[in-house]
Amino acid sequence: MEMSALTTPLTSKTFTIKNRLLKAAMSEALATSQNNPIEALIHLYRRWAQGGAGLLISGNVMVDRKALGEPGNVAIEDEQDLAMLKKWANAGTQHDTHFWVQLNHPGKQTPKSVSKEPVAPSAVPLFGGGHAFNKPRALTTDEIWDIIKRFGRAAHIVKKAGFTGVQIHAAHGYLISQFLSPHHNQRTDEWGGDLNGRMHFLLKVYQEIREHVGDDFPIGIKLNSADFQRGGFTEEESIGVLKTMDEAGIDLIEISGGNYENPKMLGGDVKKSTKEREAYFLEYAEKARHLVRAPFVVTGGFRSEKAMVDAIESGALDMIGIGKPFALNPDLPNQIINGSYETVNTKPIKTGFKPLDKRVSSMLDLTWYEQQLARMGKGKDPNPDLPPLRTLVTMIVTHGTAMFQKRRT
Ligand SMILES: Cc1cc2nc3c(=O)[nH]c(=O)nc-3n(C[C@H](O)[C@H](O)[C@H](O)COP(=O)(O)O)c2cc1C
């Protein structure tokens, strides 16, 4: 086969990935009510591995089952699910595919249905999140250390199960991203203050994971280019974090942006020039790529093969991160390789009732895509005509059930 920008393998100190197409993390919400992985995940990742991606990143896996991004997240606290994790790793590593687990703690971005009192660096509530998220309390130093240890333990189990890497979720407003933000982190101890203080937690999480997995096991990071909110984590600070993580030995950098308060990672208001090049965070990559040694990925907005090829050929990045299109077309990489790919266009998912759509828009969007993953988990094909109103009902039932179960425990 003739090598092109997207099919040339990517080699670094810790890995060789067979092509430049990365399936970005998408929360599957397919675990049991006790957060154990199930067969559906195995079917889904077998399908994606068959589809030809070089690197699959799992949806965010929680390090504490009491702190979830949403009901149905997988949590890894100990080895109780090791047998199932091994099957999951095996399915996603078929066809010489790399399969990394994204590890996360949501901090304050834990819905009311999951947690009465979420934790965060400081007791700063989520702006506009009153109807869905409770006000957090500030973590104690002992609790911070406990979470750091949890990241290390989970990574150890991930490696033991046969996954080929881990990714630290430091983006999208979850706990690590909250520590990085001067708006969300108002601590005056060694975990807050200037950028060095605010990135202390991330650095400790990385060092703890490295200690558990050794030097040869890839550790990636997903980081915001910025939070895009007043008083939040800036582009300049993001570049500072990149340089530090690069020096510390990070193996792959994936760039995204935004959080629940301003979900830039899912598109929305983008400039005309950005629309033409599709990817939302390409300008950042052009500034930052040459400052670091680790391979660089940008995720968000890539749809056409031309935009992907142009981005790699520009030298601003090494891999293309793709989310939603993989939920609608799991065979995207093979189709690119064999020349049959037709651009997957994604549009915002709406019920058509404006006041409702305004209130639930990103949540509805995410749940609709998760339903496509659930279909593949059952061995079905994705259905681009899935009615959004049905998604809304699923959302209400899922959160209602989680709330009911939480009250009973
Ligand atoms: C259903 C869904 C779930 C997601 N879950 C995660 C997640 O668990 N971790 C993460 O880093 N990003 C998550 N994302 C964001 C994607 O990784 C990606 O950054 C975003 O969809 C933009 O890329 P795209 O335009 O190619 O879809 C999710 C996106 C979707 C649609």
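Before reading on, note that the structure itself is shown above.
Residues numbered from 1 in each chain as written. Predicted model: local features only at pLDDT ≥ 70, side-chain atom pairs only at ≥ 80, totals over all residues. Heavy atoms only, no water.

Draft legend 1. Broad picture of the overall build of the chain. Check the secondary structure of the chain and you find 14 helices and 13 strands. In summary, the chain has a C-alpha radius of gyration of 20 Å against a globular reference of 22 Å for 409 residues, a match within 12%. Here the C-alpha coordinates of the chain stretch approximately 55 × 45 × 45 Å along the principal axes. In the chain, which comprises 409 residues, the proportion classed as buried is 59%. Taking contacts inside the chain between residues at least 6 apart in sequence as the whole, the part at least 24 apart equals 69%. (Helix = DSSP H or I, 4+ residues; strand = E, 2+ residues; numbered from the N terminus. Rg over C-alpha atoms; globule rule 2.2 N^0.38 Å. Buried < 20%, exposed > 50% of the residue type's maximum accessible area, 1.4 Å probe, protein only. Contact = heavy atoms within 4.5 Å.)

Draft legend 2. Structural view of the packing of helix α1 (residues 39-50) against helix α2 (residues 82-92). Axis separation between α1 and α2 bottoms out at 7 Å; the angle between their running directions is 15 degrees. As far as their axial angle goes, α2 and α1 are roughly parallel. Viewed along their axes, α1 and α2 form a crossing whose handedness is right-handed. Residues Glu39, Leu41, Ile42, Tyr45, Arg46 and Ala49 of α1 pack against Met84, Lys87, Trp88, Ala91 and Gly92 of α2. Taken together, the residues of the contact of α1 with α2 break down into seven nonpolar, one polar and three charged. (Axes fitted to C-alpha atoms, helices over the stretch in contact; angles between N-to-C directions. Parallel < 35°, antiparallel > 145°, perpendicular 65-115°, else oblique. Left-handed = near helix turned anticlockwise from the far one by under 90°. Nonpolar A, V, L, I, M, F, W, Y, C, P; charged D, E, K, R; others polar.)

Draft legend 3. Up close: the environment of Ser314. As for its placement among the helices and strands, Ser314 is situated in the loop between α10 (305-313) and β13 (319-322). The class of Ser314 is partly exposed, set by a relative accessible area of 45%. Residues Ser314 and Glu286 lie 28 residues apart in sequence; the distance between their C-alpha atoms is 8.7 Å. A polar atom in the side chain of Ser314 sits 2.7 Å from the backbone oxygen of Ala311. (Polar contact = N/O pair within 3.5 Å; in protein donor to acceptor, adjacent residues only side chain to side chain.)

Draft legend 4. Fine view of the packing of aromatic side chains. Applying the stated criterion across every chain yields a total of 15 aromatic pairs. Each ring, one from Phe133 and one from Tyr260, has its centre 5.6 Å from the other, and the planes form 55 degrees; the classification is tilted. In this pair, Phe133 sits in the loop between β7 (119-120) and β8 (137-138) while Tyr260 sits in the loop between β11 (252-256) and α8 (272-277), placing the two residues 127 residues apart along the sequence. Overall, Phe133 belongs to the buried group, its relative accessible area being 14%. Aromatic rings pair up to connect Tyr45, Trp48, Trp88, Phe99 and Phe163 into one cluster. (Phe/Tyr/Trp six-rings, centres within 6.5 Å; stacked < 30°, edge-to-face > 60°.)

Draft legend 5. Structural detail: the pairing of strand β9 (residues 165-170). The buried fraction of β9 is high, at six of six residues. Going residue by residue along β9, you find Gly165, Gln167 and His169 tucked away on one face and Val166, Ile168 and Ala170 tucked away on the opposite face as well. Inspection of the sheet shows strand β6 (residues 98-104) paired to β9 by four bridges, in the parallel sense. Bridge assignment links Trp100 to a residue of β9, and that residue is Gly165. Examined bridge by bridge, β9 and strand β10 (residues 219-224) share five bridges and lie parallel to one another. Bridging across to β10, Ala170 finds its partner in Leu223. (Pairing = 2+ DSSP bridges.)

Draft legend 6. Looking closely at the pattern of salt bridges. Scanning the model with the defined rule gives 20 salt bridges in all. We note a salt bridge from Arg65 to Glu77, for which the minimum N-O separation is 3.1 Å. Of the two residues, Arg65 sits in the loop between β5 (61-62) and α2 while Glu77 sits in the loop between β5 and α2, which places them twelve residues apart along the sequence. Ionic pairing is found between Asp189 and Arg187, a salt bridge with its closest N-O pair at 2.9 Å. (Salt bridge = Lys/Arg side-chain N within 4 Å of Asp/Glu carboxyl O.)

Draft legend 7. How the structure looks around helix α6 (residues 200-213). For α6, spanning 14 residues, the distance from its first C-alpha to its last is 20 Å, which sits close to the expected 20 Å at 1.5 Å a residue. Taken together, the buried positions of α6 are Phe201, Leu202, Val205, Tyr206, Glu208, Ile209, Arg210 and Val213. The positive-phi residue at the C-terminal boundary of α6 is Gly214, with phi of around 85 degrees. (Expected span 1.5 Å × (residues − 1).)

Draft legend 8. The arrangement of helix α13 (residues 354-377) in detail. At Val360, α13 is deflected by roughly 75 degrees, the largest bend along its length. In the stretch just after α13, Gly379 is the one whose phi turns positive, near 85 degrees. (Bend = angle between axes of the 7 residues up to and from the residue.)

Draft legend 9. A look at the site of the ligand. Among the 25 residues in the neighbourhood of the ligand, the closest are listed as Ala25, Ser27, Gln102, Gly323 and Lys324. Measuring from an oxygen atom of the ligand, one finds a backbone N or O atom of Gly323 at 2.7 Å. For the ligand, the protein covers 96% of the area, taking 610 Å² as the surface of the free molecule. When residues of the shell around the ligand are traced back to their parent elements, those giving at least two are α11 (324-328) and α13. (Near = heavy atom within 4 Å. Areas by Shrake-Rupley, 256 points an atom, 1.4 Å probe, with all protein chains shown as cover.)

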